Amino acid sequence: MSEELDAAKVSAARLWAVARHPYLASALFASTVIAVPELGGATVDEAWRLYLDPEVVDQWTVAELGSLMVHHTGHLLRDHAGRARNLGLGPGQAEDWALAADAEINDDLAHPDLRLPGEVVLPRSLGCETGRLAEEYFHATSSFTPPDNADHPHPDCGSGADGRPRPWELAGDIGGGLPPGERELVQCHTASRVIDFARQGRGRVAAGWQRWAEEVLEPSVDWRRVLAGEIRKGLTAVAGRVDYSYRRPSRRAGASPSVILPALEQPVPEVAVLCDTSGSMVEEQLAQVLAEVEGLLRSVGVGRGQLRVLAGDATVHTARRVSRASQVDLVGGGGTDMGAGIEAAARLRPRPAVLVVLTDGMTPWPAEAPKGMQVVIGLVDDGPRARGGQVWATPAWARVVHVDDAA
Ligand SMILES: [Zn+2]
């Protein structure tokens, strides 16, 4: 039984892979190789270590081993481990995720040279269209019954594919494991190489690799998630201020009638939304964004009765409690000065804990932050910037979220 890895074959396989996927070169060379006798195949861990069974390597051709290296590099670059954790896989779901992740990679490896040993999982094996993400394939696998192949179980790709540690995997940076920062560097470097290759037309770059690279270099962050996060942070900052007051009797007082216990009085945080209705904002677009913000507020626990919407420009026309975004009359159309609107919001009683300002940014801002109120600015549409309108720098005391589409 062979316990030593055929180093020459491992090197040849790596070069085979680099020759066919030159943009993956630094990623392919980032992995250290560790021999694990009786492993029965090849796996990767999250720190980019590649574990190989020497005996199995002897049986594989250079092309098969090289194809597997490309495949495993795909798991690492696409962060299948982190994405599996984000999904919060339940018991027995790791196998479904492994199939889905393999389908996402192999889809882009359908190169005539690809020689993966064993059966190759493709999106169509899961009854799915090509070019989608593993998350989509994963949800599809719930209705998919894998063929009964107990003799040929789906090969294990290691913790690099699903985030669950394996007994043979090393810890920390032992054996050349990459720390998280370096993994990210390799990802970014590889992504820019993919884009360069695609631009220069130097050979074929699979569409999936291009989409991946664009997402790594310019992530399309969902503003709804960011805005919800900022509102939540604002509410948390305020929720920390809790009053202990003797005004209301504690329910525990019944059990100890001779002692007056303080009641914990926690005010329900209020949120106000200030809409810039000056001529520069398209009313329809503003209404759409406002409706979404209303939904967001509900998702962070702000109920209908706690939302007030102010609509205005240089002078605030309306400030009233509304139960629906559609009840807001978007009047205005004059010059913009959000300072007036912020002042009006600060005068509301009870004072809002968080003020969300929806504006196109063509407004001056007050120099000082309003007292006792967190401000989150939702910058809607960069159109005015492109059209040459005057855009003022947003104040440092506010959190700014770019609302780039209302769709
Ligand atoms: Zn795999």
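Reference entry: report on the structure contained in this document. A quick note: this is a predicted structure, and the numbers were derived from the prediction, not measured.

### A short note on the packing of aromatic side chains
Okay, step 1: As enumerated under the stated definition, the model contains 3 aromatic pairs in all.
Okay, step 2: Residues Tyr23 and Phe197 carry aromatic rings whose centres are separated by 5.7 Å and whose planes lie at 70 degrees to one another, so their mutual orientation is edge-to-face. Remark: Phe197 occurs in helix α9 (residues 180-200) and Tyr23 occurs in the loop between α1 (7-20) and α2 (25-30); sequence separation between them is 174 residues.
Okay, step 3: Residue Phe197 is classed as buried on the basis of its relative accessible area of 5%.
Okay, step 4: Judged by centre distance (6.1 Å) and plane angle (65 degrees), the ring pair of Trp97 and Phe138 falls under edge-to-face. Taken together, the residues Trp97 in helix α6 (residues 94-108) and Phe138 in helix α7 (residues 134-141) connect sequence positions 41 residues apart.
Okay, step 5: Overall, the relative accessible area of 0% leaves Trp97 in the buried class.
Okay, step 6: What makes Phe138 buried here is its relative accessible area of 7%.

### Section: the pattern of salt bridges
Okay, step 1: Considering all chains together, one arrives at 10 salt bridges under this definition.
Okay, step 2: As a salt-bridge pair, Arg132 and Glu129 come within 3.0 Å of each other at their nearest N and O atoms.
Okay, step 3: The partner of Arg166 in a salt bridge is Asp162, with the nearest N and O atoms 2.9 Å apart.
Okay, step 4: In this structure Arg166 comes out as buried when scored by relative accessible area, which is 12%.
Okay, step 5: Classification of Asp162 by relative accessible area gives buried; the value is 5%.
Okay, step 6: Residues participating in the shared-partner salt-bridge network are Arg78, Arg83, Glu104 and Glu135.

### Describing the pairing of strand β6 (residues 271-276)
Okay, step 1: Of all the 6 residues making up β6, 6 are buried; the element is thus mostly covered by neighbouring parts of the structure.
Okay, step 2: Taking every second residue as pointing to the same face, both faces of β6 are buried, with Val271, Val273 and Cys275 on one and Ala272, Leu274 and Asp276 on the other.
Okay, step 3: Note that β6 and strand β9 (residues 354-359) share 5 bridges and pair parallel. By the bridge assignment for β9, Cys275 is matched with Leu358.

### Quick look at the coordination of the zinc ion
Okay, step 1: The zinc ion binds to the protein through His71 (NE2), His75 (NE2), Asp102 (OD) and Cys157 (SG), with metal-donor distances spanning 2.0 to 2.1 Å.
Okay, step 2: Relative to the metal, the 4 donor atoms surrounding the zinc ion lie at angles of 91 to 130 degrees, and the coordination shape comes out tetrahedral.
Okay, step 3: The sequence pattern formed by the donor residues of the zinc ion is H-x3-H-x26-D-x54-C. Here His75 is found in helix α4 (residues 62-77), whereas its partner Cys157 is found in the loop between α7 and α8 (159-162), with 82 residues between them in sequence.

About the thresholds
- Residues numbered from 1 in each chain as written.
- Predicted model: local features only at pLDDT ≥ 70, side-chain atom pairs only at ≥ 80, totals over all residues.
- Heavy atoms only, no water.
- Phe/Tyr/Trp six-rings, centres within 6.5 Å; stacked < 30°, edge-to-face > 60°.
- Helix = DSSP H or I, 4+ residues; strand = E, 2+ residues; numbered from the N terminus.
- Buried < 20%, exposed > 50% of the residue type's maximum accessible area, 1.4 Å probe, protein only.
- Salt bridge = Lys/Arg side-chain N within 4 Å of Asp/Glu carboxyl O.
- Pairing = 2+ DSSP bridges.
- Donors = N, O, S within 2.8 Å, 3.2 Å for Na, K, Ca; no water.
- Tetrahedral: all angles 85-135°; square planar, octahedral: opposite > 155°, others 65-115°.

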